[in-house]
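# Descriptive analysis of the structure
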Amino acid sequence: MSGDVILEAVNVVKHFGANGGWLSNKRPVQAVDGVSVQIRQGETFAIVGESGCGKSTLARVLMRLLEPTEGSVKFDGTDVSHAQGNDLKSLRGDMQFVFQDPFSSLNPRMSVGRLVGEPLEVHAPDLTPQERRTRVAALLRKVGLRAEHADHYPHEFSGGQRQRIGIARALAAEPRLIIGDEPVSALDVSVQAQVINLLADLRRDLGLTLVVIAHDLGVIRHMSDRVAVMYLGRFVEVGDAEDVLSRPRHPYTQALMAAIPMMDGTDREKAPELLGELPNPSDPPSGCRFHTRCPYARPLCQTESPALTGEAHQTACHFWEEIAGAPVPAPTRKSETAEARFALYRAATTGGTVIHNNNSPTAED
Ligand SMILES: Nc1ncnc2c1ncn2[C@@H]1O[C@H](COP(=O)(O)OP(=O)(O)OP(=O)(O)O)[C@@H](O)[C@H]1O
Ligand SMILES: [Mg+2]
């Protein structure tokens, strides 16, 4: 199913507000901070993580809708970040985006026929108007709509139907890869599965490569070949969906898994609770960015950023192997901050005293 690498990112960094100017005293937002990934021809690759972790920014850099601050992106061997002229135009056709919000991503003044036909004017300029209409009708049928829908306007359709129009428009350019940025999160739960199934069918029938972004694992668990879990601008775990979802190694993935309903009898008791909120990406924690919320964090995690290591199943955690067999540490009270835990460790290793203050232990320096 999966074959050659079609899209490759090497150490992609995207910081917003990094170029100084009169706002330069503000710290840049480290939206994406060193992501490398290889996406294979024909696979469905999912990127999952909490709101604000950098998923959309990464997707936009991959598609050259944003310039990376550092790093490079290659599509089928062509350098995306430096493509110009015809190369860029052909890349624009090869990679298409399906947006989260089917309400704002379609121009309300354009008929469905024009919306779906517009990319054909650019990518298949030699078609006669009649040929274009025929092509639009075929595209509409392909996404489960009818040819006569071409004469209607977006407001006449339901959310799920509008997302189908968005998908037909993306298909018009005959792309080889589609990135769906939360393609179903604006839809009713009842139609989410239909749109997910449509994307999965299209991938299979047209031999597309699919990159799907979601903020929960529930949406993607049945459709993905591989999954990347993203936290504060970095990938913390990447691997075959089956491996990552049934044997998550990173404490963050384990916590995300704990947040979705278990239908397969997985033991929920073993999953750690996610402490606190996502830190500010302008001022991310030192070392492992997850250490402030990790129930297993140790002093090393505070100072040293773990690399993503492993072959097929990669994890960025200093202690994942130990964690795998260990019980979840008891102290998951929200009041016990990571700072307090480090204070305990520090006290234990330096022989300092530990003061218990409002039930929250702190170390005396
Ligand atoms: N154009 C921009 N200028 C400044 N900051 C930005 C810009 N776009 C995104 N950001 C910031 O970068 C970080 C990552 O945003 P991004 O939209 O990539 O996250 P996301 O994972 O897609 O979130 P969501 O699940 O909510 O869509 C956020 O802190 C966001 O506020
Ligand atoms: Mg987003």
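Above this text you will find the structure in question.
This section reports on the structure supplied with the text. (Residues numbered from 1 in each chain as written. Chains lettered and ligands numbered in written order. Predicted model: local features only at pLDDT ≥ 70, side-chain atom pairs only at ≥ 80, totals over all residues. Heavy atoms only, no water.)

Right, let's talk about the sheet that holds strand β1 (residues 5–16) for a bit. Spatially, the four strands line up as an open sheet ordered β2-β1-β4-β5, and their pairing is antiparallel. Because the sheet does not close on itself, it has two edges, and the strands there are β2 (29–40) and β5 (78–79). The sheet contacts of helix α1 (residues 55–62) involve β1, β2 and β4 (70–75), and relative to β1 the element is tilted by about 120°. (Pairing = 2+ DSSP bridges. Helix = DSSP H or I, 4+ residues; strand = E, 2+ residues; numbered from the N terminus. Contact = heavy atoms within 4.5 Å. Axes fitted to C-alpha atoms, helices over the stretch in contact; angles between N-to-C directions.)

Attention shifts here to the packing of helix α3 (residues 112–123) against helix α4 (residues 129–142). Two elements in contact, α3 and α4, have axes separated by 9 Å at closest approach and are oriented at 115°. Judged by the inter-axis angle, α3 sits roughly perpendicular to α4. As α3 packs across α4, the resulting crossing turns out to be right-handed. Mapping the contact onto sequence places Val112, Gly113, Val116, Gly117, Leu120 and Glu121 in α3 and Arg132, Arg135, Val136, Leu139 and Leu140 in α4. Residue classes in the contact of α3 with α4 are distributed as six nonpolar, two polar and three charged. (Parallel < 35°, antiparallel > 145°, perpendicular 65-115°, else oblique. Left-handed = near helix turned anticlockwise from the far one by under 90°. Nonpolar A, V, L, I, M, F, W, Y, C, P; charged D, E, K, R; others polar.)

Before going further, it helps to spend a moment on the site of ligand 1. Within the structure, ligand 1 sits among 13 residues, and Ser51, Gly52, Lys55, Ser56 and Thr57 are positioned closest to it. Ser56 places a polar side-chain atom, nitrogen or oxygen, 2.8 Å from an oxygen atom of ligand 1. In the model, an oxygen atom of ligand 1 is placed 2.5 Å from a nitrogen or oxygen of the Thr57 side chain. At the level of secondary structure, the elements contributing two or more residues to the shell around ligand 1 comprise β2 and α1. Here the element with the most residues in the shell around ligand 1 is α1; it accounts for three residues. Residue classes in the shell around ligand 1 are distributed as five nonpolar, five polar and three charged. (Near = heavy atom within 4 Å. Polar contact = N/O pair within 3.5 Å; in protein donor to acceptor, adjacent residues only side chain to side chain.)

Among the five residues in strand β3 (residues 44–48), five count as buried, and that is most of the element. The side-chain alternation of β3 yields two buried faces, one formed by Thr44, Ala46 and Val48 and the other by Phe45 and Ile47. Pairing of β3 with strand β9 (residues 226–231), which is carried by four bridges, proceeds in the parallel orientation. Bridge pairing in β9 links Ile47 to Ala228. (Buried < 20%, exposed > 50% of the residue type's maximum accessible area, 1.4 Å probe, protein only.)

The backbone of Arg64 sits at a positive phi, close to 65°, despite the residue not being glycine. Structurally, Arg64 can be placed in the loop between α1 and β4.

So, about the environment of Arg132. With respect to the secondary-structure elements, Arg132 resides in helix α4. Once residues within four sequence positions are removed from consideration, Arg132 is found in contact with Gly117, Leu120, Glu121 and Leu127.

Look at α4 against helix α5 (residues 159–172): their axes get within 9 Å of each other, and the N-to-C directions meet at 130°. With respect to each other, α4 and α5 are oriented oblique. Note on packing geometry: the crossing formed by α4 with α5 is right-handed. Only Ala168, Leu171 and Ala172 of α5 make contact with α4, whose side of the interface consists of Leu139, Leu140 and Lys142. Tallied by class, the residues present in the contact of α4 with α5 amount to five nonpolar, no polar and one charged.

Quick look at α3 now. In this model, α3 (12 residues) spans 18 Å end to end at C-alpha, consistent with the 16 Å of a helix rising 1.5 Å per residue. What α3 keeps buried is the set Val112, Gly113, Leu115, Val116, Gly117, Pro119 and Leu120. Residues of α3 that are buried sit in contact with α4 and α5. (Expected span 1.5 Å × (residues − 1).)

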